[in-house]
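# Inside the fold
So you can see what is in the structure, the chains are spelled out below.
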Amino acid sequence: MKRIKEFLDFLITLVNAWKVVLPILLLCLSAVFAVLKIGNKNISINLPVWLVIAIATLALYPFAKLIEHLVNKKRSPNIKVNGLLWKPSLFSFRYPEPLCPHNDCERKVICRVIPPNPLRVVTSISEINNAKFEYRYVYECPIHGQINGVPNDEISLLQEKAKAAFTKG
């Protein structure tokens, strides 16, 4: 169990350090390519000016659409669905991020899964009536604790509902 925890901590560190590691890696790769003279070939092609302009326009189109998309996403406000505040993701294929609905908190919500009680010998009928056979999902803010009013559904189901609310309205 300790090794799993260490491995997960290592993965989290890598995820947080990619902004430093990636530029260093690219710099090292470019130095290796320069020393080995890989990719130093020049190819000249004679094209009409109108074709060069058309190719440049088509090459810049995805970047322009990305900038337009980012500007539009900045304008879209967070919405409240199922007792949680949802922040839209940067890209439309990703799920929205759940946030704390308290005033000016907007911290990321943590979902804890509480499994049902393990099986045991039943000695009375009241134990059968009080037994819980399904998983419970508790949504907590790191500051405010457990958030009330959130249905007992998996986070993926709530994200689907929030994504549908963003696309609908």
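Just above, that's the structure.
Cut-offs applied
- Residues numbered from 1 in each chain as written.
- Predicted model: local features only at pLDDT ≥ 70, side-chain atom pairs only at ≥ 80, totals over all residues.
- Heavy atoms only, no water.
- Helix = DSSP H or I, 4+ residues; strand = E, 2+ residues; numbered from the N terminus.
- Buried < 20%, exposed > 50% of the residue type's maximum accessible area, 1.4 Å probe, protein only.
- Areas by Shrake-Rupley, 256 points an atom, 1.4 Å probe, with all protein chains shown as cover.
- Pairing = 2+ DSSP bridges.
- Axes fitted to C-alpha atoms, helices over the stretch in contact; angles between N-to-C directions.
- Contact = heavy atoms within 4.5 Å.
- Core = buried A, V, L, I, M, F, W, Y, C linked by side-chain atoms within 4.5 Å.
- Expected span 1.5 Å × (residues − 1).
- Bend = angle between axes of the 7 residues up to and from the residue.
- Phe/Tyr/Trp six-rings, centres within 6.5 Å; stacked < 30°, edge-to-face > 60°.
- Lys NZ or Arg CZ within 6 Å of the ring centre and 35° of its normal.

This part covers the overall build of the protein chain. Along its length, the protein chain carries four helices and six strands. Going from the N terminus to the C terminus, the protein chain shows its helices and strands as α-α-β-β-β-β-α-β-β-α. Of all 169 residues assigned to the protein chain, the portion counted as buried reaches 13%. Carbon and sulfur atoms provide 64% of the accessible area of the protein chain, an area that totals close to 14,200 Å².

Let us now look at the sheet that holds strand S3 (residues 97-99). What the three strands build is an open sheet, ordered S1-S2-S3; its pairing is antiparallel. The sheet is open, and its two borders are formed by strand S1 (79-81) and S3, each paired with just one other strand. In this sheet, adjacent strand axes meet at a mean angle of 45° when their direction is disregarded. Bridge count for S1 against strand S2 (residues 84-87) is three bridges, and the pairing is antiparallel. Of the residues in S2, the one forming a bridge with Lys 80 is Leu 85. Those strands touched by helix H4 (residues 155-168) are S1, S2 and S3, and its axis lies near 65° from that of S2.

Residues Leu 84, Trp 86, Val 109, Tyr 139, Ile 147, Val 150 and Leu 158 are the most contacted members of the largest nonpolar core, which totals 13 residues. Among the elements of the structure, S2, strand S5 (136-141) and H4 are those that each provide at least two residues to this core. Not counting chain neighbours up to four residues away, the residues in contact with Ile 147 comprise Gly 83, Leu 84, Cys 100, Pro 101, Val 109, Tyr 139, Glu 140 and Cys 141.

An order of S4-S5-S6 is seen for the three strands of this open sheet, with the pairing classed as antiparallel. The open sheet has two edge strands with one neighbour each: strand S4 (110-114) and strand S6 (145-146).

This part takes up the side chain of Gln 159. Note on placement: Gln 159 falls in helix H4. Every residue in contact with Gln 159, bar those within four places of it in the chain, is listed here: Trp 86, Tyr 95, Pro 96 and Pro 98.

With that out of the way, let us pick up helix H1 (residues 2-36). The end-to-end C-alpha separation of H1 is 43 Å, well short of the 51 Å expected for 35 residues at 1.5 Å each. Its axis deflected by about 65° at Ala 17, H1 carries its strongest bend there. Within two residues after H1, Lys 37 carries a phi angle of roughly 55°, on the positive side.

Let us look at H4. Between its first and last C-alpha, H4 extends 20 Å over 14 residues, near the 20 Å set by a 1.5 Å rise per residue. Of the surrounding secondary structure, the elements contacted by the buried residues of H4 are S1, S2, S3 and S5.

The next thing to look at is the packing of aromatic side chains. In total, this model carries zero aromatic pairs according to the counting rule given. A cation over a ring is seen here: Lys 163 above Tyr 95, with NZ or CZ 5.0 Å from the ring centre.

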